[in-house]
Amino acid sequence: MKIIRSKQELQIEIEAIKRSGKTVGFVPTMGALHDGHKALVSRAVAENDLSIVSVFVNPTQFNNAADLEKYPRDLKADADMLESVGCNLIFAPTSDEVYDKEELNSRFEFDFGGLDTVMEGRFRPGHFNGVVQIVSKLFQLVQPTKAYFGEKDFQQLAIIHRMVKLLKMDVEIVDCPIVRESSGLALSSRNQRLTPEQHKNAIEISKVLFESRNFAAQLAPKELSEWVVDKINSTEGLEVEYFDIADAHTLQTIDTWCNEAVGCVAVFCGEVRLIDNIRYNL
Ligand code: PAF
């Protein structure tokens, strides 16, 4: 497995791969890899001739300097894990390699068609501008055949699909299911920052989401949302930032149930902000 840090080196590799006609499965990550990433990479390895993983903590998608600073980084551990699942190449650039000064100091603009004004976008202004900025750059550099994203970041996935369509990018986006601990807690790099006590509290988030499915037939989306928020907030140490039940395609909040609804939540567990979601297929 190769670890490449410069764009030029990557370009040489990609040109050789393209000449050989091999397919490339790509998993963009910010490192601090866990079994959720492992599932994405294993799928990329199984479905393509070659697999490439980027490890880059993208500064332009953080709207909180402390969150960026505290984001866990351990390239050695990430590389060991990626090698064990058969990844062929890691692209781990520095920020200077990826961005020039001007890009770092101005907001990347994109037509989100309203997908960015709800949920994460409402509470993390500019976050998705940074995500589209980096993912579009990485797609141009890596030129993958398929790219793999987890459904835990449900809104991100919807935005990536829109980006690929709007920019007419020649890549297939593969949606991959959320990977959970046996307790139900959705795997996240941020879980590393939870104390044992916070971890115990955080398990309540997915428990409540799963339980809410039992009431979906009796309650309107707004009533169910209130139930979820009250129930999560009643757990010591948890505070809901938002819970929205939305149309899974438009991400707009729904008043009456539609065929494919999704409930997306962000919860503060102490200082650690966790997200999760659940599908309601009525
Ligand atoms: O989901 C993530 O880890 C990041 O948002 C991504 C897609 C790697 C872009 O930095």
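The following refers to the structure shown.

Next up on the list: the pattern of salt bridges. Considering all chains together, one arrives at 18 salt bridges under this definition. Residues Asp111 and Arg162 are paired through a salt bridge, measuring 3.2 Å at the closest nitrogen-oxygen approach. Here Asp111, found in the loop between helix 6 (101-105) and helix 7 (119-123), pairs with Arg162, found in helix 9 (residues 154-166); they are 51 residues apart in sequence, far enough to count as distant. Since its relative accessible area comes to 47%, Asp111 is described here as partly exposed.

Residue position: Gln155 is located in helix 9. Among the residues examined, Gln155 registers a relative accessible area of 4% and is labelled buried. In this structure the side chain of Gln155 is engaged in a polar contact, spanning 2.9 Å, whose partner is the backbone oxygen of Val118. In this structure Gln155 touches Leu115, Asp116, Val118, Met119, Glu120, Gly121, Phe128 and Leu251, once residues within four positions along its chain are discounted.

Bringing the site of the ligand into the picture now. In the vicinity of the ligand, the contacting residues are Pro28, Thr29, Met30, Asn58, Gln61, Ile134, Val135, Phe149 and Gln156. Residue Gln61 places a side-chain N or O atom 2.6 Å away from an oxygen atom belonging to the ligand. At a separation of 2.7 Å, an oxygen atom of the ligand approaches a polar side-chain atom of Gln156. Protein chains bury 88% of the 290 Å² of accessible surface belonging to the ligand in isolation. A breakdown of the residues in the shell around the ligand according to their chemical character gives five nonpolar, four polar and no charged.

Attention shifts here to the nonpolar core. Counting 46 residues, the largest nonpolar core has Ile52, Val135, Phe139, Phe149, Met163, Val164 and Ile173 as its most contacted members. Considering each element in turn, this core owes the most residues, eight residues, to helix 8 (residues 127-142). What Phe149 contacts, discounting residues up to four positions off in sequence, is Pro28, Leu40, Val135, Phe139, Gln156, Leu157, Ile160, Ile173, Val174, Asp175 and Cys176. Leu185, Leu209, Ala261 and Val267 belong to the second-largest nonpolar core, a separate cluster that totals 24 residues.

About the thresholds
- Residues numbered from 1 in each chain as written.
- Predicted model: local features only at pLDDT ≥ 70, side-chain atom pairs only at ≥ 80, totals over all residues.
- Heavy atoms only, no water.
- Salt bridge = Lys/Arg side-chain N within 4 Å of Asp/Glu carboxyl O.
- Helix = DSSP H or I, 4+ residues; strand = E, 2+ residues; numbered from the N terminus.
- Buried < 20%, exposed > 50% of the residue type's maximum accessible area, 1.4 Å probe, protein only.
- Polar contact = N/O pair within 3.5 Å; in protein donor to acceptor, adjacent residues only side chain to side chain.
- Contact = heavy atoms within 4.5 Å.
- Near = heavy atom within 4 Å.
- Areas by Shrake-Rupley, 256 points an atom, 1.4 Å probe, with all protein chains shown as cover.
- Nonpolar A, V, L, I, M, F, W, Y, C, P; charged D, E, K, R; others polar.
- Core = buried A, V, L, I, M, F, W, Y, C linked by side-chain atoms within 4.5 Å.

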